[in-house]
Structures are given as C-alpha cells and as structure tokens.
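An overview of the molecular structure
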Amino acid sequence: MTRYLLSLDQGTTSSKAILFSTSGQIIARLNKEFRQIYPQPGWVEHDPMEIWESQLEVARGVIRNAGISPSDIAAIGITNQRETTIIWDRYTGKPIYNAIVWQCRRTADTCKRFEKEGLDQVIRRKTGLVLDAYFSATKVRWILRQVPGAMEKALKGDLLFGTVDTWIIWNLTGRKVHATDYSNASRTMMYNIHKLEWDMDILTSLDIPSSLLPDVRPSSSDFGFTEKNFLGAEIPVAGVAGDQQAALFGQCCFDPGMTKCTYGTGSFLLMNTGEKAVNSQSGLLTTIAWGLEGKVIYALEGSTFISGAVIQWLRDEMGLISDGAQAEEYALKVQDTGGVYLVPAFVGLGAPHWDMYARGTITGMTRGTNKFHITRAALESMAYQTNDIVKAMLADARMDLKGLRVDGGAVANNFLMQFQADILQTTVDRPYVFETTALGAAYLAGLGVGLYQGIADVRNSWQLERRFEPHMAYETAEKLYKQWEKAVEKAKAWV
C-alpha cells in the first residue's frame, strides 16, 4: 500500500497543505490566504478561527484533489509561523482575543521597561533570545492584562496558551492534546533551552501563570490523532516544528556547521550547532532546532528584514523592472555594478547590525550609472547580507561552514545564487523541492511513525537540483565585501 505524509504549513499570510510521497516528492498542494488585521499602527492580528478553518479546508482539499483515501496518510506534520500568540478558553474552545502576530510591536514599551530592570540578561542567558516584542511572552502578558477577567480565569486554570502549532494540534485532535515541540517552545521567551522546561523565574517576572502553558515534546513524537470527522480517518500527528527550524530539517542540515538560507521577504539563516547551545556574541539568536531520537539539537539564527522585498521595490516603487526574471536579465547586461552598492535598510538593519535607525542608501553612483547597475546592486545586496550573518555565525560557533543550502522564491535566480557562492567562497546547493519548510515537517512526521528508519533514510531522500561553485578569486570577493561594509556604515544611524 502506498503511504503518504501530509504537511500542514500554517504561515503568516496563508494556510497551506502539501501531500508528499515518502521519497519527498510533492503529490498535491493547496493554499488559502486569510485576513491580516491592523487595529492600530504597528499592531498585527489574525482571527484564530480563520487560521483553523483555512488550515482544515486546505487539508481536506489536498486529500480530495490527490484522489487518495485518508487512511493512506501515514502521518501528519505541522509547521507554523512562530511566536504568534493565541489564548483560548479550555472549555468553550473559543479564543479570548485575536492572535497577536509575531510582527506586532504593541509590547515594545513593556520590553524596554523590563530591560531597564535587567530582565534582558536573564532572558538571554536562559532562552537564548533577546528581550523583544517579537516573541510570545509579552504578548501573553498583554492579553491577560487587557482582556477583562482573563487573569482571573488563567489563575483558575480555565485558559490555555499556544503558538499556532499548539492551536492547530488542540483543534485537530478534538481538544484532547495541548502540546508544542521544543523548537516552538524555544521561541516564546519563556522556555529554558538548557534545562528544557518552562522557566518559573521568567514567568514570575512577567506575571504569567504556568497553568496556561502546553506540554513540550520532541519535534518527532506522539501529538495525538486527528478526530475522524475532520479528515475522514484517525491520522497520527507525529511531527511539529517552527517554520525556520522545519526548513533546516527539510534541507537535511543534520551535521554541525550545515547552514540553510530561506530567501523570502527577508532572509532567515540557521546553522546547526549540534548538541551544544552556542551563546552568540554577534547579535544572533540561540534556538532549539529540533528534538529527535532522545537528543536536542541547537542552532544559531540570524535574519535580515529586506531580502526578496528589494526586488519588489525595484518593480513596484521604482518601476525599473517588470518582474523577478527581468532582474536577472538586467544584472547580466553589465559586468559589475560599476562600484554601486545598494543597502536595503528600508526598515532598519537586522542581524548582526540591529540598527533600527538605519535607512536604505545607494552609494558609489557616477554619471554613467544606469538601471542595470542598480538592479545588479540590489540582487548583490541579498548575498552580502547573507555573508554578514554567516561571518557572525562562524565567529560565534567557531566551526567551519559546510556549504549553504538555499530555498525560497529568490533561489530561482541563477545570477544571485552564483554571486552568493562567490561572496561566501563556498558551495551553494539548490534542492529540487523548494517547499523545504513543509518537507521538514513531513520528514519529522515520517520519523515519528517509523516510516523512516532514521536520519540516514531522510538524508538519502534529499535531492540536489544544482550546485553553484565559487568562481571568483578570494581576493576579489574580499575587496567587494569590504566596500559593502563601508556602504553599510553610511546607512547606519540615518534617522
């Protein structure tokens, strides 16, 4: 009997379901967007019921479109937008407030206040994170304080908290399982990643009752069975991981030093550091990659705010290109940028600079600068920013880079991938399957039900589509990068 793995990929703007074969090939996929809610400037919310209903709809739809029986699905894997916070009533199943999305900045002032009290050092030491409104903890605190009666209910044990994976699991299992995995727990700013437990000191400081919190399990393990009436069979939920960690797993970055970059609106880099949690001195985050086979694997994470979005800017705001494919065409019309550097710090600079006051700049222009030079400089900026983070990772981890595996929309751009290999002076590997986030969740689920015998089986199913080798001389790459660093300094502290 043919067996399949169903991945539920719950993202920031849409819910996706992808059906995979056990060899990692996509059989069918379906996607549904849902509302983005902006109550005030800087506030971002989702309707938790829309998240659940859209995810259930695409799961049913992908099974129907594939023409398979639900009983042919060996297991379900869940991957999700991280940090987004939901609190609901244990008995009615109804959320007491909208989901507060990871992008929401409403608790920034709260974070500043706690930072003055020294809580940032405690959080950094215990959770590997920086004290920031990005993470779940202060969002939980805000809901408990702002929703009438919420704190009283929480103290009585009537409320439950979860990141999006927990919300999906709880609903999918017919309200039987209130759980998350190590990777998602590590993004809440409440979980001690060294002791593998919710940290009571942090909870007490933030006035968050522990009764709210889900059980934390390995990423590949038993998360219960789906209610039969939802998908037509009782299917085991056996794999769970936050989206970036799932992508690291989907890229089969199983050895320390293996690194992946997802090029989306921004870029997310994760480096496997093995069973050792590396404390960053370079502005990166220490996080749990996954829990598997009785071990916890850690990672260093760094992200840029504007990556693929710089191409959208060239198209929509500047009118220089008509689409992403034309960006590559234009970049190849000139031998180099003519000394032009574009620093896309439109909303500040992310890791490792962390300068919210930086702004976008174009430097080095002459009378001969044209749209081809600027387009090429925009593409090159994505590779330079990746190099910024990789250098910080190598300094922190004190290990060699074992190539870079890439995914996301921009990896179809061959010019960018070749330039990335040249600037990093390492190989850049592009897989056949770009949907590595969903694939990682599927792999974890397959391991959870014994469909794969172990990591080696999963590793063998990863398929390389193209490898980009560095062709540029090391001295040339270093010279170009030094000029990039100079351009970045011009963009810093602009406002």
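For the structure itself, consult the block above.
So, a few notes on the structure that sits alongside this text. (Residues numbered from 1 in each chain as written. Predicted model: local features only at pLDDT ≥ 70, side-chain atom pairs only at ≥ 80, totals over all residues. Heavy atoms only, no water.)

1. A closer look at the pairing of strand β3 (residues 26-33)
- As paired elements, strand β2 (residues 14-21) and β3 share seven bridges and run antiparallel to each other. When the sheet's bridge partners are listed, Ser14 is paired in β3 with Glu33.
- Between β2 and β3, which follow one another and run antiparallel, lie four residues, and Gly24 among them has a positive phi close to 90°. (Pairing = 2+ DSSP bridges. Helix = DSSP H or I, 4+ residues; strand = E, 2+ residues; numbered from the N terminus.)

2. Quick notes on the pattern of salt bridges
- What the rule picks out here adds up to 25 salt bridges.
- The partner of Asp47 in a salt bridge is Arg35, and the shortest N-O contact between them spans 3.7 Å. Here Arg35 lies in the loop between β3 and β4 (45-46) and Asp47 lies in the loop between β4 and α1 (48-66), a separation of 12 residues in the sequence.
- We classify Arg35 as partly exposed; its relative accessible area is 47%.
- Between Arg35 and Glu50 there is a salt bridge whose closest N-O contact spans 2.5 Å. On the criterion of sequence distance, the pair formed by Arg35 in the loop between β3 and β4 and Glu50 in helix α1 is long-range, its members being 15 residues apart.
- Within the structure, one salt-bridge network assembled from shared partners comprises Arg82, Glu83, Arg187, Asp243 and Glu301. (Salt bridge = Lys/Arg side-chain N within 4 Å of Asp/Glu carboxyl O. Buried < 20%, exposed > 50% of the residue type's maximum accessible area, 1.4 Å probe, protein only.)

3. Here we look at empty space enclosed by the protein
- With the rule as written, the count across this model stands at four cavities of 30 Å³ or more.
- In this structure, the largest cavity occupies an estimated 70 Å³ of space.
- Lining the largest cavity are 14 residues; nearest its centre among them are Val433, Leu439, Ser461, Trp462 and Gln463.
- The biggest single contributor to the lining of the largest cavity is helix α15 (residues 436-448), with three residues.
- Here the lining of the largest cavity is composed, by residue class, of six nonpolar, eight polar and no charged.
- Reported here for the second largest cavity is a volume of approximately 50 Å³.
- Taken together, Thr304, Leu349, Gly350, Ala351, His353, Gln385, Asp388, Trp484 and Val488 make up the lining of the second largest cavity.
- Of all the elements in the fold, those that place two or more residues in the lining of the second largest cavity are α13 (371-397) and α17 (474-491). (1 Å grid on protein atoms, 1.4 Å probe; cavity = no way out; pocket = protein on both sides within 12 Å on 5 of 7 lines; lining within 4 Å. Points joined across faces, edges and corners; volume = space filled by probe spheres on them. Nonpolar A, V, L, I, M, F, W, Y, C, P; charged D, E, K, R; others polar.)

4. A closer look at the pairing of strand β14 (residues 259-263)
- Among the five residues in β14, five count as buried, and that is most of the element.
- Residues Thr259, Cys261 and Tyr263 of β14 are buried on one face, and the alternating residues Lys260 and Thr262, pointing to the opposite face, are buried as well.
- As paired elements, β14 and strand β15 (residues 267-274) share five bridges and run antiparallel to each other. Bridging from a neighbouring strand, Tyr263 pairs with Ser267 of β15.
- Between the antiparallel neighbours β14 and β15 lie three residues.
- Sheet topology places β14 next to strand β20 (residues 404-407); four bridges connect them, and they run parallel. Across the sheet, the residue bridging to Cys261 is Val406, located in β20.

5. Quick notes on the sheet that holds β20
- With mixed pairing, seven strands are arranged side by side in an open sheet as β16-β17-β15-β14-β20-β21-β22. Among the strands making up the open sheet, the edge pair consists of β16 (285-292) and β22 (464-468). For this sheet the average axis-to-axis angle between neighbouring strands, irrespective of direction, equals 25°.
- Pairing analysis gives seven bridges linking β15 to strand β17 (residues 295-304), with the strands arranged antiparallel. Of the residues in β17, the one forming a bridge with Gly274 is Tyr298. (Axes fitted to C-alpha atoms, helices over the stretch in contact; angles between N-to-C directions.)

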